Structures are given as structure tokens and as C-alpha cells.
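Residue-level structure breakdown
Spelled out from the first residue to the last, the chains are:
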Amino acid sequence: MTREIQSVILVLLGGALLRISLSDVYLRYVKEGMKPWLIISGVLLVVGGLLALAEVLRAERQKIAVLPGGDEHGHAHGVGGPRSAWLLLLPVAAIFLVAPPALGAFTAERQTSTVIQPKEPAAPPLPAGDPVPVTLADYAARAVWDDGRTLKGRNVELVGFVTPNAKGGGWYLTRLQLTCCAADAIATKISPQDVKDLPANTWVQIVGQWVPGGEINADDAIPLVKVTSLKQIAQPSNAYE
Amino acid sequence: MTTVDQPAQKQRWRPGALEFLTAAIIVLLIGQRWLIGLFDSPALQAGATIFVSIVVQATPFLVLGVLLSAAIAAFVPPAFWQRALPKNDFLAVPVAGAAGAILPGCECASVPVAGSLMSRGVAPAAALAFLLSAPAINPIVLVSTWVAFPNNPMMVLARFVASLLTSVIMGWLWLRFGKGEWIRIPRRDHLVGHSNWETFRLTATHDFLHAGGFLVIGAFTAAILNVAVPPEAINAVADKAILSVIFLALLAVILCICSEADAFVAASLSQFSLTARLAFLVVGPMVDIKLISLQAGVFGRRFAQRFAPTTFVVAVLTSLAIGAWLL
């Protein structure tokens, strides 16, 4: 691999990182907190690539041999030497050409629901609001680990996507949670009562009330919600909770 | 490499940056529609998302790692390491292992740093102990483990002890049985520029391109396996004592989850015993597909072939012992 191509690859990869981190696209892959680091490393890669390219062009103009590097150096890189750098074009192509969507029903269907047990045994009361917006993870934790105590009598607003229930029919209102990146996504599922079927990955906003009847005190329990209103919405800019 | 005998090397046509960019733009224009059609299936889409997200998540850490390792190569004189580490290699191993606690990053950063340490004269056994311990016992990882296991604070201690122990055992094993010819210590002499700054820049660029390619192989494999392992398989072995430990250790190898996040995934695998989940947490930062690929790239395939399986066995045995003692 020539040093020219090496530098172009650096610029392309840095450009791909900048492209996703300067818009909301990066939220499909990693957490919000990664944004500054993606921008910094994107800039570093672009600058590094441009510096290397400038060096090559300067050397070419002065007709001097390019100082170390490239495939000139003799150490045994074997098959995978800096030639492995070609592979970096794969994520570049994936980002620029395909821009894969946020994970959805396919991933959620493959796992059980996960309700992480909160550190505090008794949940604090819900904030004011009628209906009050609640994340699926919060709703599930209150329903499963606190017996729905803080949810009783409240109208809650929940946003999630449809994951068909392959075994029992119907569907789960679902949201995925990332800890670091999409490879570690875990699902929270809630079972809405008496709703018509919807296609997988449809985003909906539900207003409803907690009803008892779901399993409790188990981290794969699926709580229930009685639906007062349901409307289809566009996917939020951050698909994860 | 075929150009060695050609005296007139300069005249041979090579695609330059311009030709290369033109080709890239053509592919971009005609390829997009076809490619998007190809990614219609939900499984392929999920696989592509996981592939991109592993690369995107790891790249800043890899950048940090190569900057650190380039700084070591360019600005820290070799004499520093001779003073900082005990002369006796046997003692240097635990010291280097414990020093891993101060590199706040995940496993992608530690591979180039360990390579740089070796080429600056640190004993390979000590650098390897550092390579294994750094991603597992740093404060960020320990805090996230503490948050993920609210009811089992002993998990943090168990993870710390088992990871440090595994890395020290591996360092000593290398000292006793390791052969110099198995490992390719990254050579830096061709990356020495006219000034420290130039050396820094050349080393960082070279290391990034080099390791980056291997990161891509690892992320690609992990994405395929992530989508292909049937979820029923996971529940089927959960209640088998020893089998479940080995199974979760293998799952850690396959999933390639960043060490700063793996505790939350381990917490969600609640159908498994705590010891099995400890094995998941100890093995993950030390042996996983993207890491094996990175190690093969930096230290050579002969190294990775021996080092990764041995680390796996030692990590599983250590987890069993520490799990029985502490959990």
C-alpha cells in the first residue's frame, strides 16, 4: 500500500466519523456521551491523513524518496501488514453507503426482557404531570421491583416500538438500552393490554395505566399496561433509552 | 514485494491517491442503491449495525492507544522503564500488572501500548501482564461493575482479584515457557523521523492503520456471531454448573463487548451463576475475537495462536477458584 493511499484512508475514516457524529446518526451505534470523542478522533484522523498526504506530495515535487513507511520497509508484515489498512474501507463504506439503522424488533425478539433491579429498594414518587412521560426501563423497574406502588392511579406516557410476541401472539412495547455500543443492547418489554396488531418496528406512543397481573421481583418479568390511547409516531432521534 | 528486482522501481504504475479517490466515488454513485437493497433483511441490518457500532465505539480508544504508544516511542527514553520497573523480571510482572489499573480505557488501547513498551525494552512478560490487566482492573471498569451488580458488591473485588491474578500468572508463564521466536516485537527503527515530533506522527499513523485493519476483522466476525448464535442456546446451558462457566467464557470471546460495558451485559445474564458471570467478566477484556485479531496484527499470528487459548484457560480456572472463594 502506498503512503498516498494510506493517507486517503485516514481522511476517509476520519470523515466518516465526523459525518455521523456531527449529525444524530451516531446515536444509532453508540451513546450520546461519545460525541466529543468521535469528533476529536475524527479530526485527528483527517489532520493526520492530510499531513501524511502533504508530505508525500512535497517529496514527489522535490523528487526525493519518501521517508520511511509504505510498503518499502522490510520488516516481516506478512499477509496482514499495513495492507490490513485496506479493511478500514469496510466501515467507511458501511457508514457512507448503507448507514445501518438503529437496532429494533429483530434484536429485541431474540432476547428476554431485562429489568435491572434498582439500587434503592423503594422508588421515589413519579414527578407531576398527567400523563407523566416515563421511560420503559423506569416503568418496568417500578412495576417489577416495587410492585407498581408508585404507578398506581397515574396516567403514564410511554414511547417504544412494536416487537411481535412470537409465542403468545400480540406484541410488546419495546425499547432497547445501550451501555456502551449497540453490541451490548438489552431490551425492556412491556405488554399493552387489548391492542390491535401492528407491524414490527412501528413506533407508538401509549398513554395508559399500570395494572397488576405481571410477574414481579424477577429481572426478566414483563409488566402490563392498560391502554387509554395509542398513536403511531415517527422514530425518535435517539432510538435507545 | 515483487518490485525488489526491478531497478526502475519509480516507473512502475501504481494507483495514486487521485485514481483511488475517483474509483471510490464511482463505487459510491453506482453502488449505493444496490447495497441498500442487499441490506433489506433484518438480520443483515442488525449485523451491519453491530459491526459499525463496534468500530465506531473502539476507534476513539484505538486513537488514544496509538497516541499513547507513539508518545512512549518518541518522548520517553528507554532508561525510564529500566528505572520504573524492578530489574528482576519475575518481580516486574506483578508490578506491571498492577500498573494496568491506571490506564483508563478498554482493551483496544492496551494492545498498541503494550507493543510500544516491548519495543522500548520492557520485558515482554511484564508488558503482557500489563496488556491483560489494564482493560480489566482500571477504575472506570470497576465502578461500572459496582453499578451493574447492586446486590453483589463482592463481584467488584472478585473481578479485580481474578483479573490481576490471571494477568500475573500469564506473565510468569511467558517468563518460564515463552520463546522469543513466538512473538514479533514491533520494530520501530523504520519509524524514526528527523525529529521527535516526526517520529511521533509516523508511529501513530502506522500503528493506527495497522491495528485498525485488525479491529475491522474482529468487529466483522463478532457482528456475524452476534446475529447467528441462537438465543435458545443461551438458556439451555444456564443451570449446568461447570458447563455454564465455560459457555459464558466462550460467549465473552464471541461478543467482543468493551470492558467498560460488559458488566451490564453480565448483570442481564441473570439465569447464570455468579461464578459463570465472573468468568464472562474476566475472560472478555483479555480474550475476544477482535482482541485476538489485534494481537495477531501487532505481535504476529504465532503469538496469538498460543497466547489467546492459554489466557482463556488460565482466566476460566482463576474465575472458578476466585468465584468459589469470594462469591
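Here the structure is shown first, and the text comes after it.
The notes below deal with the structure included here. For clarity, every value in this text was computed on a predicted model and none was experimentally measured.

**Details of the overall build of chain B**
- When helices and strands are counted, chain B shows 15 helices and zero strands.
- A compact globule built from 327 residues should have a C-alpha radius of gyration of about 20 Å, and chain B, at 21 Å, falls within 12% of that.
- If you line up chain B on its principal axes, its C-alpha atoms span 70 × 60 × 30 Å.
- Taking all 327 residues of chain B together, 55% fall into the buried category.
- Sequence-distant contacts in chain B: of pairs separated by 6 or more residues, those separated by 24 or more amount to 84%.

**Points about the interface of chain B and chain A**
- Facing the 61 residues of chain B at the interface are 61 residues of chain A.
- Those elements that provide at least two residues to the side of chain B that touches chain A are helix H1 (17–38), helix H2 (42–75), helix H9 (196–228) and helix H12 (262–268) of chain B.
- Here the side of chain B that touches chain A gets 17 residues from one element, more than from any other, and that element is H2(B).

**Details of the nonpolar core**
- Judged by nonpolar contacts, the single largest core of 178 residues is most densely connected at Ile54(B), Ala126(B), Ala127(B), Leu248(B) and Val283(B).
- Per element, the largest residue contribution to this core is 19 residues, and it comes from H2(B).
- Taken domain by domain, the makeup of this core includes at least three residues from each of domain 1 (3–100) and domain 2 (106–232) of chain A.
- Excluding anything up to four places from it in sequence, Ile54(B) contacts Cys181(A), Ala183(A), Ala219(B), Ala222(B), Ala223(B), Cys256(B) and Lys290(B).

**Comments concerning the packing of helix H4 (residues 89–99) of chain B against helix H8 (residues 154–177) of chain B**
All names here are of chain B.
- Where H4 meets H8, the axes come as close as 9 Å, and the angle between the chain directions of the two elements is 150 degrees. Relative to H8, H4 is oriented roughly antiparallel. Between H4 and H8 lies a crossing whose hand is right-handed. Seen from H4, the contacting residues are Asp89, Phe90, Val93, Pro94, Gly97 and Ala98; seen from H8, they are Leu164, Ser167, Val168, Gly171, Trp172 and Leu175.

**What about unusual backbone geometry?**
All names here are of chain A.
- Here the amide bond leading from Asp130 into Pro131 is cis, since omega sits at 0 degrees, within 30 degrees of zero.
- Structurally, Pro131 is set in the loop between helix H4 (105–109) and strand E1 (132–133).
- At Ala99, a residue that is not glycine, the phi angle is positive and equals roughly 45 degrees.
- Judged by the 18 C-beta atoms lying within 10 Å of it, Ala99 is partly exposed.
- Its identity is not glycine, yet Asp147 carries a phi of approximately 55 degrees, on the positive side.
- Note that Asp147 resides in the loop between helix H5 (136–145) and strand E2 (156–164).

Rules used in this analysis
- Residues numbered from 1 in each chain as written.
- Chains lettered and ligands numbered in written order.
- Predicted model: local features only at pLDDT ≥ 70, side-chain atom pairs only at ≥ 80, totals over all residues.
- Helix = DSSP H or I, 4+ residues; strand = E, 2+ residues; numbered from the N terminus.
- Rg over C-alpha atoms; globule rule 2.2 N^0.38 Å.
- Buried ≥ 20, exposed ≤ 12 C-beta atoms within 10 Å, placed from the backbone.
- Contact = placed C-beta atoms within 7 Å.
- Core = buried A, V, L, I, M, F, W, Y, C linked by C-beta atoms within 7 Å.
- Domains from an automatic or database assignment.
- Axes fitted to C-alpha atoms, helices over the stretch in contact; angles between N-to-C directions.
- Parallel < 35°, antiparallel > 145°, perpendicular 65-115°, else oblique.
- Left-handed = near helix turned anticlockwise from the far one by under 90°.

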